[in-house]
Each structure stands twice: as structure tokens, then as C-alpha cells.
Amino acid sequence: MSRVIKRKEHPVSMRLPETDIAIIDRAASLRGRSRTDFVREAAVRAAEDVLMEAAPIRMSQAGFKAFMEVLSQPGRPVPEMVELFQRTAPWESRDAKAEK
């Protein structure tokens, strides 16, 4: 008596222009991945993004009220962000910033 083993993977077939394949292959190569792995990961990531955009956010009335109260308060500076914005950007020279 033989057992039937369910296949866990399902093939997906696509027809793409050579230019698309060239771009995908180049990007996959830069990541050290196969074309299949690269395309699978990109497709799953894109699908997750779409699903997250469509997912409703649910909260109780009390939770929503508390959320709105926090949003209604005046903003407060975050010391780490203030320090970050005062730094010279890596592409700016210190002399160029001093001239401004």
C-alpha cells in the first residue's frame, strides 16, 4: 500500500520580456540569490505590504479616545532626533555648512 504525499510547494509560471529577466537576474546576483528565490521574496514582500495596507485597525472606544488625546497634545522634541538633525550630513563638507 503506497502513501500519497501532499506537495508543499506549488509552481508559478510567468512570461516576462528579456529586459525584465535581465534586471531581475542582475538584482538577484547582487544579492547572491537565485532568480526564483529573489522573485519569490519580492512577491511575498509586496503581497504582505498590500495585505497590511488593507488590514483594518480595531480598538475599543476607550482606546480610540486615549489615542486621540495623545495626538491632540502638543509635540515634544525628542533629544535624539534634535541631535541627529544638527549633525553634518556625510555628503556635506563642514566648510559648506559653516558658510551658510
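Refer to the preceding data block for the structure.
Residues numbered from 1 in each chain as written. Predicted model: local features only at pLDDT ≥ 70, side-chain atom pairs only at ≥ 80, totals over all residues. Heavy atoms only, no water.

## Thoughts on the overall build of the chain
Next, step 1: Scanning the chain from terminus to terminus reveals five helices and zero strands.
Next, step 2: Counting from the amino terminus, helix and strand elements in the chain follow one another as α-α-α-α-α.
Next, step 3: For 100 residues, the compact-globule formula gives about 13 Å, and the C-alpha radius of gyration of the chain, at 25 Å, lies well above that figure.
Next, step 4: With respect to the three principal axes, the spread of C-alpha positions in the chain is 75 × 50 × 30 Å.
Next, step 5: Carbon and sulfur atoms provide 58% of the accessible area of the chain, an area that totals close to 10400 Å².
Next, step 6: When the 18 positive and 15 negative side-chain charges of the chain are each reduced to one mean point, those points stand 8 Å apart. (Helix = DSSP H or I, 4+ residues; strand = E, 2+ residues; numbered from the N terminus. Rg over C-alpha atoms; globule rule 2.2 N^0.38 Å. Areas by Shrake-Rupley, 256 points an atom, 1.4 Å probe, with all protein chains shown as cover. Lys, Arg positive; Asp, Glu negative; His and termini not counted. Charge placed at Lys NZ, Arg CZ, Asp CG, Glu CD.)

## Regarding the environment of Glu48
Next, step 1: For Glu48, the position within the fold is in helix 2 (residues 35-54).
Next, step 2: In this structure the C-alpha to C-alpha distance between Glu48 and Pro74, which are 26 residues apart in sequence, comes to 34 Å.

## Section: the pattern of salt bridges
Next, step 1: Taken as a whole, this structure holds four salt bridges when the rule is applied.
Next, step 2: Of the charged contacts, one joins Glu41 and Arg45 as a salt bridge, the two residues approaching to 2.9 Å between their closest N and O atoms. Highlighted residues: Glu41 and Arg45, both in helix 2, separated by four residues, approximately one helical turn.
Next, step 3: Owing to a relative accessible area of 31%, Glu41 belongs among the partly exposed residues under this scheme.
Next, step 4: Residue classification places Arg45 among the partly exposed positions, given a relative accessible area of 45%.
Next, step 5: The salt bridge involving Glu83 is made with Arg87; its shortest N-O contact spans 2.9 Å. (Salt bridge = Lys/Arg side-chain N within 4 Å of Asp/Glu carboxyl O. Buried < 20%, exposed > 50% of the residue type's maximum accessible area, 1.4 Å probe, protein only.)

## Comments concerning the layout of surface pockets
The rolling of a water-molecule-sized probe over the atoms marks out the regions of remaining empty space.
Next, step 1: The volume enclosed by the largest pocket comes to roughly 470 Å³.
Next, step 2: Lining of the largest pocket is provided by 14 residues; of these, Pro11, Val12, Thr36, Val39 and Arg40 occupy positions nearest its centre.
Next, step 3: When contributions to the lining of the largest pocket are tallied by element, the ones reaching two or more residues are helix 1 (18-31) and helix 2.
Next, step 4: Class assignment of the residues belonging to the lining of the largest pocket gives a composition of eight nonpolar, three polar and three charged. (1 Å grid on protein atoms, 1.4 Å probe; cavity = no way out; pocket = protein on both sides within 12 Å on 5 of 7 lines; lining within 4 Å. Points joined across faces, edges and corners; volume = space filled by probe spheres on them. Nonpolar A, V, L, I, M, F, W, Y, C, P; charged D, E, K, R; others polar.)

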